[in-house]
Amino acid sequence: PDQDFHCNMVAAVLAAVFAIGARPFNDDMGATRNDGSDYSRGRAGHIWFETVTDPSAGPGNATGYWLEDARKNDGAMCLDGTAGLYYHRPGTGTGANKWYIHHEGGGWCYAVNSCLGRSNTALGSTNPAKSKDGPTAKLGGGYFDIDPTINPQMYNWNAVFLRYCDGGSFSGSNATPTQINNETLWFRGKHILQAMQDDLVNVRGLDKATDVVISGCSAGGLATYLHVDNWANRLKTEAPAAKVRGMPDSGFFLDVEQGPKYHSNMIWVFEYMNASSGVNDGCIAANPGNEWMCVFAEHTSPHIQTPIFPLQGEYDSWQMVGDAGYETKDNTTVGVINAWGAKLTELVQTNLLKANPAHGIFLDSCLHHCGGWGDYKINGMVQGPAFEQWYSGGAGVFIQGKPYPCTECCTPAV
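Before going into details, it helps to say that this report is about the structure given with it. Bear in mind the structure is a predicted one, so any value in this text is a computation, not a measurement.

Let's shift gears to the overall build of the protein. Looking only at helices and strands, the protein features 12 helices and 14 strands. Sequence separation of 24 or more characterises 78% of the internal contacts of the protein that already satisfy a separation of 6 or more. When the accessible surface of the protein is split by element, carbon and sulfur atoms take 52% of a total near 14900 Å².

As structure tokens, this is what we get:
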């Protein structure tokens, strides 16, 4: 345990209450505030998460686990001081020892005031009065789907949904809480992630895994870039039989300082939350004096040792607004949007694919963010079968390479 943390720990934390109704939300960022935060949630991207009050309500439900011991002993806490939480749906049949592990997305908070606002929502708390988290949840759609015709590889795997409540892509390790407006904020994302790993390995059976896919979308996609090697290195010891691969969805955010000031905002996240020990170790070692670079996927990618297969839009709709500051409905921006896509594609080629030929990618030319499992087709294949082919050792580089706007690129393929 972090001794500095214990010197600052506040014991009183709101208790989790389970008598809360269902809530749907997506893993996209949705409508983004001007500080990069997003507190809205709704169905999108064919990914579905819904908490339910009746543990027996329907097949395939996932059970929620609040990590209270880790909160008390290691300060594994959300922004508001509540415990970390994940949902687990056990695998069945041939998937009993295979795991799909998903980091929830939902933007970041870029200043103390926005983190305070976020702490009163599901993206900063697991207190059901704020977050509407329940004892069980339905996971469905896309890479969570239990229909083998939709998700032929992972339909019967263990499915884990890591709730995101720290505002920094599971990376912070600030021992000192922040006091603001008579409230206390904690930046302990790294410790939440460690607690989740501990529980999955020691209690849920992850130590017996034969196959593990680490994933997440949006801010959770970035988390996959930042943490996939940490997952793989830990499982080499604790689940030595496991084949570990990464599948980040829509997490390759470009490091630029344009209108939305994404560059400086993410540096604030890295520095204020003290994330240097919570990102890729190889990237940190390679960038002395510029460790902040390691909060960006484009700088982290050359150092990722675990083979990954990103799902990424060349013209990512959130990046167009929240990173680049472009208006996608204005025809005058077509040129700069195409230039953005060309830059992203070049960085993928140089920093990811050339750096490690074991990596693959599904880079489509549709204007979207997250999801699209089964919607977009490249070289005759949609995301699921393309990932399965790469995972099994086949060809794994799928780049659509069409100019923006490309209406046919967004046409559902199935």
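Moving on, we come to unusual backbone geometry. In terms of backbone geometry, most residues other than glycine have negative phi values and most peptide bonds are trans. Backbone torsion omega between tyrosine 404 and proline 405 reads -5 degrees, so that peptide bond is classified as cis. The residue proline 405 is located in the segment after β14 (397-399) in this model. Of note in the backbone geometry, asparagine 181 takes a positive phi value of approximately 50 degrees without being a glycine. Here asparagine 181 lies in the loop between β8 (178-180) and β9 (183-185). Phi angles above zero are rare outside glycine, and asparagine 182 is one such case at about 65 degrees. On the secondary structure map, asparagine 182 appears in the loop between β8 and β9.

Another point: the pattern of salt bridges. Counted under the stated rule, the structure contains eight salt bridges. A salt bridge links arginine 71 to glutamate 68, with the nearest nitrogen and oxygen atoms 2.8 Å apart. Of this pair, arginine 71 and glutamate 68 are both found in helix α2 (residues 68-74), three residues apart, which corresponds to roughly one turn of the helix. Ionic pairing is found between lysine 208 and aspartate 207, a salt bridge with its closest N-O pair at 3.8 Å.

What follows deals with the state of the cysteines. According to the stated counting rule, one finds six disulfides in the structure shown. A disulfide bridge connects cysteine 217 with cysteine 370, and the sulfur atoms are separated by 2.4 Å. Across the disulfide from cysteine 217 to cysteine 370, rotation about the S-S bond amounts to roughly 110 degrees, and the bridge is consequently right-handed. Of this pair, cysteine 217 sits in strand β10 (residues 211-217) while cysteine 370 sits in the loop between β13 (361-368) and α12 (383-391), and the two are 153 residues apart along the sequence.

Now for the packing of aromatic side chains. The full count for this structure, using the stated rule, is 28 aromatic pairs. Residues tryptophan 108 and tryptophan 318 carry aromatic rings whose centres are separated by 5.9 Å and whose planes lie at 70 degrees to one another, so their mutual orientation is edge-to-face. Of the two residues, tryptophan 108 sits in the loop between β5 (98-103) and α3 (112-118) while tryptophan 318 sits in helix α10 (residues 317-323), which places them 210 residues apart along the sequence. Each of the two residues, tryptophan 108 as well as tryptophan 318, counts as buried. Ring centres of tyrosine 164 and phenylalanine 170 lie 5.4 Å apart, and the angle between their planes is 25 degrees; on these two criteria the pair is classed as stacked. When sorted by exposure, tyrosine 164 lands in the same class as phenylalanine 170, which is buried. Members of the aromatic cluster, each reached through a chain of ring pairs, are Trp108, Tyr110, Phe253, Tyr262, Trp292, Phe296 and Trp318. Its guanidinium or amino end placed over the ring of tyrosine 65, arginine 204 lies 3.4 Å from that ring's centre, counting from NZ or CZ. Here lysine 243 stacks its cationic end above the ring of tyrosine 391, 3.9 Å away from the centre of that ring.

Its 16 residues give helix α5 (residues 189-204) an end-to-end C-alpha distance of 21 Å, which sits within 8% of 22 Å, the value for a rise of 1.5 Å per residue. Buried within α5 we find Gly189, Lys190, His191, Ile192, Leu193, Ala195, Met196, Gln197, Asp199, Leu200 and Val201. If you follow the buried residues of α5, they end up packed against β3 (61-66), α2, β4 (85-89), β5, β7 (158-162) and α6 (219-238). Positive phi appears at glycine 205, one or two residues downstream of α5, with a value of about 100 degrees.

The next point concerns the packing of α5 against α6. In helix packing, the relevant descriptors are the interaxial angle and the interaxial distance, both defined with respect to the helix axes. Contact pair α5 / α6: the axes reach a minimum separation of 12 Å and the direction vectors enclose 30 degrees. If you check the angle between α5 and α6, you find them roughly parallel. Crossing of α5 over α6 shows right-handed handedness. Facing Leu193, Gln194, Gln197, Asp198, Leu200 and Val201 of α5, the residues of α6 in contact are His227, Asn230, Trp231, Arg234, Leu235 and Glu238. Each residue belonging to the contact of α5 with α6 can be placed in one class, and the counts come to five nonpolar, four polar and three charged.

Attention now goes to the nonpolar core. By size, the foremost hydrophobic cluster in this structure holds 80 residues, and its most contacted members are Ile101, Trp108, Leu162, Leu206, Val212 and Met266. With nine residues, the top contributor of residues to this core is α6. With residues up to four places along the chain from it excluded, the contact list for methionine 266 reads Trp108, Tyr110, Leu222, Val295 and Phe296. Grouped together as the second largest cluster of nonpolar side chains are 34 residues, Ala83, Val213, Tyr376 and Met381 included.

Bringing the layout of surface pockets into the picture now. Estimated volume of the largest pocket: approximately 310 Å³. Lining of the largest pocket is provided by 19 residues; of these, Asn230, Ser277, Gly278, Val279 and Asp281 occupy positions nearest its centre. Counting only elements with at least two residues in the lining of the largest pocket, the list comes to α5, α6 and α8 (281-286). Looking at the lining of the largest pocket, the element that brings in the most residues is α6, giving six residues. The residue makeup of the lining of the largest pocket, split by class, is four nonpolar, 11 polar and four charged.

The buried fraction of β13 amounts to seven of the eight residues, a majority that puts the element mostly inside the structure. Note: β13 against β14, three bridges, orientation parallel. Counted as the bridge partner of phenylalanine 362 is phenylalanine 398 from β14.

Rules of the game
- Residues numbered from 1 in each chain as written.
- Predicted model: local features only at pLDDT ≥ 70, side-chain atom pairs only at ≥ 80, totals over all residues.
- Heavy atoms only, no water.
- Helix = DSSP H or I, 4+ residues; strand = E, 2+ residues; numbered from the N terminus.
- Contact = heavy atoms within 4.5 Å.
- Areas by Shrake-Rupley, 256 points an atom, 1.4 Å probe, with all protein chains shown as cover.
- Salt bridge = Lys/Arg side-chain N within 4 Å of Asp/Glu carboxyl O.
- Disulfide = S-S within 2.5 Å.
- Phe/Tyr/Trp six-rings, centres within 6.5 Å; stacked < 30°, edge-to-face > 60°.
- Buried < 20%, exposed > 50% of the residue type's maximum accessible area, 1.4 Å probe, protein only.
- Lys NZ or Arg CZ within 6 Å of the ring centre and 35° of its normal.
- Expected span 1.5 Å × (residues − 1).
- Axes fitted to C-alpha atoms, helices over the stretch in contact; angles between N-to-C directions.
- Parallel < 35°, antiparallel > 145°, perpendicular 65-115°, else oblique.
- Left-handed = near helix turned anticlockwise from the far one by under 90°.
- Nonpolar A, V, L, I, M, F, W, Y, C, P; charged D, E, K, R; others polar.
- Core = buried A, V, L, I, M, F, W, Y, C linked by side-chain atoms within 4.5 Å.
- 1 Å grid on protein atoms, 1.4 Å probe; cavity = no way out; pocket = protein on both sides within 12 Å on 5 of 7 lines; lining within 4 Å.
- Points joined across faces, edges and corners; volume = space filled by probe spheres on them.
- Pairing = 2+ DSSP bridges.

Spatial relationships are all this shows, so hold off on functional conclusions.
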